[in-house]
Amino acid sequence: MFNPEVRIKQTELLSDDWYTLHKYTFELQQHDGDWCHQSREVYDRGNGAVILLYNLERRAVVLTRQFRLPTYLNGNPTGMLIEAPAGLLDDDHPEDCVRREAEEETGYRVHHVQKVFEAYMSPGSVTEIVYFFVAEYLDDHRMHAGGGVVHEQENIEVLELPFTEALRMVATGEIKDAKTIMLLQYAQIHGLVQP
């Protein structure tokens, strides 16, 4: 990591409870050559991966619903959020992560996953890159009921929705998770599931 237009002057650890929060003091060279002094708090929780499971025959997708405290604290009356299966890499390759998360959260063991893109989700304050995948699921891929991992205190509801219903739920605001919206729109744009 080297950019001659950036000079990190000081790094201060603010929190190391769940993940790490640092305050960086730095100088950034402007277009006119002058140096601007700034400080920012940066949250590092590692990188993640997300997968949209789709079924061509049923024209359906599998999503999850679970409680998300930050959304509850910011206006979501129940705190429940509909999402595509996702998780942190935890030193795994992104493809291994999405296979693991899909099975833990939904019960489906998918075989052929396809990476479609990667993105910084909140680059003004969070270091995380999310890797986006899609995979077709079939009935015989179902290993168990899903619901998450007990020791991680996950309590996940598995939802199989018609693809058109999932798109409608984006339009009405029932689905508000950015990574899920991005994958549903990718599926729509690329014709992965025909309405």
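The shown structure was predicted, so the numbers you read here are calculated from the model rather than taken from an experiment.

1. Quick notes on the UniProt feature "binding site: Mg(2+)" (unreviewed entry) in the chain
- Here, the residues flagged by UniProt with the feature "binding site: Mg(2+)" (unreviewed entry) are Ala86, Glu101, Glu105 and Glu154. Those annotated residues that line the largest pocket are Ala86, Glu101, Glu105 and Glu154.
- Take Ala86: it is sitting in strand 7 (residues 86-88).
- Once residues lying within four places of it in the same chain are set aside, the contact partners of Ala86 are Ala49, Val50, Glu101, Glu105 and Lys179.
- Note on placement: Glu101 falls in helix 2 (residues 94-106).
- For Glu101, a relative accessible area of 6% puts it in the buried group.
- Apart from the residues within four sequence positions on either side, Glu101 is in contact with Pro85, Ala86, Gly87 and Thr106.

2. A look at the side chain of His22
- Within the fold, His22 resides in strand 2 (residues 20-29).
- Non-local contacts of His22, meaning those with residues more than four positions away in its chain, are made with Thr11, Glu12, Leu13, Leu14, Arg40, Glu41 and Val42.

3. Notes on the pattern of salt bridges
- Taken as a whole and judged by the stated rule, the model has 17 salt bridges.
- Arg58 is paired through a salt bridge with Asp139; the nearest N and O atoms lie 2.9 Å apart. A residue pair is termed long-range when its members are at least 10 positions apart, and Arg58 in the loop between strand 4 (48-55) and strand 5 (60-67) and Asp139 in the loop between strand 9 (129-136) and strand 10 (157-162) qualify at 81 residues.
- In this structure Arg58 comes out as partly exposed when scored by relative accessible area, which is 35%.
- A relative accessible area of 51% means that Asp139 is categorised as exposed.

4. Describing helix 3 (residues 163-172)
- Here helix 3 has its buried residues at Phe163, Ala166, Leu167 and Met169. One face of helix 3 carries all of its buried residues, which in axial projection span an arc of 155°.
- Buried residues along helix 3 sit against strand 5, strand 6 (80-83), strand 10 and helix 4 (178-189).
- Positive backbone phi, approximately 90°, marks Gly173, located one or two places after helix 3.

5. Let's talk about the sheet that holds strand 1 (residues 6-15)
- Judged by pairing direction, the sheet is antiparallel, and its three strands sit side by side in the order 1-2-3 without closing on themselves. Because the sheet does not close on itself, it has two edges, and the strands there are strand 1 and strand 3 (35-44). Recorded for the sheet is a direction-independent mean angle of 20° between the axes of neighbouring strands.
- For strand 2 and strand 3, the ladder comprises ten bridges, and the chain directions are antiparallel. Among the inter-strand pairings, Glu27 is bridged to a residue of strand 3, identified as His37.

6. Focus on the UniProt feature "short sequence motif: Nudix box" (unreviewed entry) in the chain
- Summarizing the sequence annotation, UniProt attributes the feature "short sequence motif: Nudix box" (unreviewed entry) to residues 87-108 in the numbering used throughout.
- Between the C-alpha atoms that bound residues 87-108 there is a distance of 15 Å. The span itself is 59% helix and 9% strand.

The rules behind these values
- Residues numbered from 1 in each chain as written.
- Predicted model: local features only at pLDDT ≥ 70, side-chain atom pairs only at ≥ 80, totals over all residues.
- Heavy atoms only, no water.
- UniProt positions renumbered as here; feature names shortened; annotations may be inferred.
- 1 Å grid on protein atoms, 1.4 Å probe; cavity = no way out; pocket = protein on both sides within 12 Å on 5 of 7 lines; lining within 4 Å.
- Helix = DSSP H or I, 4+ residues; strand = E, 2+ residues; numbered from the N terminus.
- Contact = heavy atoms within 4.5 Å.
- Buried < 20%, exposed > 50% of the residue type's maximum accessible area, 1.4 Å probe, protein only.
- Salt bridge = Lys/Arg side-chain N within 4 Å of Asp/Glu carboxyl O.
- Arc of directions from axis to C-beta.
- Pairing = 2+ DSSP bridges.
- Axes fitted to C-alpha atoms, helices over the stretch in contact; angles between N-to-C directions.

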